[in-house]
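So the chains spell out like this:
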Amino acid sequence: MDENININWFPGHMAKAQRMIKDHLKLVDVVIELLDARIPYSSANPAIKDIIGDKPRVIALNKADLADPKVTEQWIAKFRNQNIQVVAIDSMSGKGTKTLVSKVEQLAKDKVNKLVNKGVNARAARAMILGIPNVGKSSLINRLLGTATVKTADKPGVTRGKQWIKVSRNLELLDTPGVLWPKFKDIEVGLKLAFTGAINDEVYDMEKVMNVFLKIMREEYPERLIERYNLKAELPQDSIGILEMIGAKRGCLRSGGIVDHEKVRRILLNEFRASKLGLITLDKIID
Ligand SMILES: Nc1nc2c(ncn2[C@@H]2O[C@H](COP(=O)(O)OP(=O)(O)O)[C@@H](O)[C@H]2O)c(=O)[nH]1
Ligand SMILES: [Mg+2]
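Residues numbered from 1 in each chain as written. Chains lettered and ligands numbered in written order. Predicted model: local features only at pLDDT ≥ 70, side-chain atom pairs only at ≥ 80, totals over all residues. Heavy atoms only, no water.

Chemist: Please give an account of the overall build of the protein that cites residues and values.
Modeler: Helix and strand counts for the protein stand at ten helices and ten strands. Here the contacts in the protein between residues at least 6 apart in sequence split such that 67% fall between residues at least 24 apart. Surface exposure of the protein reaches about 14400 Å², of which carbon and sulfur atoms provide 50%. (Helix = DSSP H or I, 4+ residues; strand = E, 2+ residues; numbered from the N terminus. Contact = heavy atoms within 4.5 Å. Areas by Shrake-Rupley, 256 points an atom, 1.4 Å probe, with all protein chains shown as cover.)

Chemist: Before we move on, can you summarise helix 4 (residues 97-117) with the specific residues and values?
Modeler: With 21 residues, helix 4 ought to run about 30 Å at 1.5 Å a step, and its terminal C-alpha atoms sit 30 Å apart, in line with that. Considering bend angle alone, the principal kink of helix 4 is centred on Lys109 and spans about 45°. Taken as a whole, helix 4 has its buried residues at Thr97, Leu100, Val101, Lys103, Val104, Glu105, Ala108, Val112 and Leu115. One or two steps after helix 4, the chain reaches Gly119, where phi turns positive at roughly 100°. (Expected span 1.5 Å × (residues − 1). Bend = angle between axes of the 7 residues up to and from the residue. Buried < 20%, exposed > 50% of the residue type's maximum accessible area, 1.4 Å probe, protein only.)

Chemist: I'd love a proper account of the pairing of strand 3 (residues 85-88), names of residues and values included.
Modeler: Regular strands place their side chains on alternate faces of the sheet. The pairing of strand 2 (residues 57-62) with strand 3 spans four bridges and is parallel. Bridge pairing in strand 3 links Ile59 to Val86. Handedness of the crossover joining strand 2 and strand 3 through helix 3 (residues 69-81): right-handed. (Pairing = 2+ DSSP bridges. Right-handed = clockwise from strand over helix to strand, strands pointing away.)

Chemist: Could you give an account of the environment of Ala108, with specific residues and numbers?
Modeler: Here Ala108 lies in helix 4. Along the chain, Ala108 and Val28 lie 80 residues apart, while their C-alpha atoms are 9.2 Å from each other. Ignoring sequence-local partners within four residues, the contact set of Ala108 consists of Asp29, Val30 and Ala125.

Chemist: Go over the packing of aromatic side chains with me, naming the residues and quoting the values.
Modeler: The tally for this structure, following the rule as stated, stands at four aromatic pairs. Note on Phe195 and Phe272: the rings are 4.7 Å apart at their centroids and 50° apart in plane angle, and the pair reads as tilted. In this pair, Phe195 is assigned in helix 6 (residues 187-196) and Phe272 in helix 10 (residues 261-273), connecting sequence segments 77 residues apart. When sorted by exposure, Phe195 lands in the same class as Phe272, which is buried. Through pairs of rings, three or more aromatic residues link up here, namely Phe195, Phe213 and Phe272. (Phe/Tyr/Trp six-rings, centres within 6.5 Å; stacked < 30°, edge-to-face > 60°.)

Chemist: Lay out the site of ligand 1 in plain terms, naming residues and giving numbers.
Modeler: Around ligand 1 lies a shell of 16 residues, among which Asp65, Ser91, Asn134, Lys137 and Ser139 are the nearest. One of the backbone N or O atoms of Gly136 is found 3.0 Å from an oxygen atom in ligand 1. Bound to the protein, ligand 1 loses 75% of the 580 Å² it would expose on its own. In terms of residues, the shell around ligand 1 owes the most to one element, helix 5 (residues 137-147), which gives three residues. Looking at the shell around ligand 1 residue by residue, the classes come out as five nonpolar, six polar and five charged. (Near = heavy atom within 4 Å. Polar contact = N/O pair within 3.5 Å; in protein donor to acceptor, adjacent residues only side chain to side chain. Nonpolar A, V, L, I, M, F, W, Y, C, P; charged D, E, K, R; others polar.)

Chemist: An account of the environment of Lys63 is needed here, citing residue identities and associated values.
Modeler: Of note, Lys63 is situated in the loop between strand 2 and helix 3. Ignoring sequence-local partners within four residues, the contact set of Lys63 consists of Asp36, Ala37, Arg38, Ile89, Asn134 and Val135. Reaching out from Lys63, the side chain makes a polar contact with the backbone oxygen of Asn134 at a distance of 2.9 Å.

Chemist: Before we move on, could you go through the pattern of salt bridges and cite the residues and values that matter?
Modeler: Tallying each qualifying case throughout the model produces 15 salt bridges. A salt bridge links Asp23 to Lys26; its shortest N-O distance comes to 3.7 Å. The class for Asp23 is partly exposed, based on a relative accessible area of 42%. Residues Glu223 and Arg224 are paired through a salt bridge, measuring 3.9 Å at the closest nitrogen-oxygen approach. Accessibility expressed as a relative area gives 36% for Glu223, which makes it partly exposed. By sharing partners, the salt bridges in this structure join Glu188, Lys192, Lys215 and Asp283 into a single network. (Salt bridge = Lys/Arg side-chain N within 4 Å of Asp/Glu carboxyl O.)

So, in structure tokens, the structure goes:
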């Protein structure tokens, strides 16, 4: 299926994605659940446990290079407290991927040992990646492929064309990721997914998205806005007030000297996505 379908998850798409994941799960020992480190809560599908059953799982917080490192540490601690294996990674530079690989190998050890005890020859552990659109599944696969020496042949039961990437002596990765559908647990989740690019630009209301973004920025990272746009230290309470300030500084004016809100919102979105506002995490730890 086209994994770039990210506008609407029609029941048909969802069923197909689910079926594909189920088929592939049978072939692997371990699941890598890829989350966006900037939105570890919003980028997670809450049904993950139902989907993967009792397969061991390791969470990889991808795009950690864009996230607030302090908050990433808090998320890591939270997952560890729940006895969930977790590692922060950057699929572009490859940072953290070695740790990820060794965690996956470790988690698969039991299964591989069991097979050996049954008299089956020792074999490499097998893993697949799961995650919502745009979280970096292909980037991670390419990154791991970059260092792989051998792509092993098709294995029985795998759709033709699917291949295993030999990531290390002890690990093979399915070259096709499983696409999870984002879950709009509440309105803010949807808006954050839009903001980070997990869902298409056309499907959301830019004004609502930016209001939530500005609310978070005002509460968590006011100094970033102040520095970047050279604003007065006291930010207005409302989003429109902040937009007005930034627009005036940036000269986003329409005739009559009125600030072009739409243009300011677009600038903010682009600058956030280009990480010009610094390292930002939009999902705080909630209990
Ligand atoms: N900064 C940064 N960008 C990333 C990282 N991983 C992926 N990306 C970018 O995120 C976008 C989506 O990545 P992609 O691998 O296509 O996501 P997929 O839809 O899950 O396969 C691309 O523009 C990537 O360059 C990462 O760790 N850090
Ligand atoms: Mg992809």
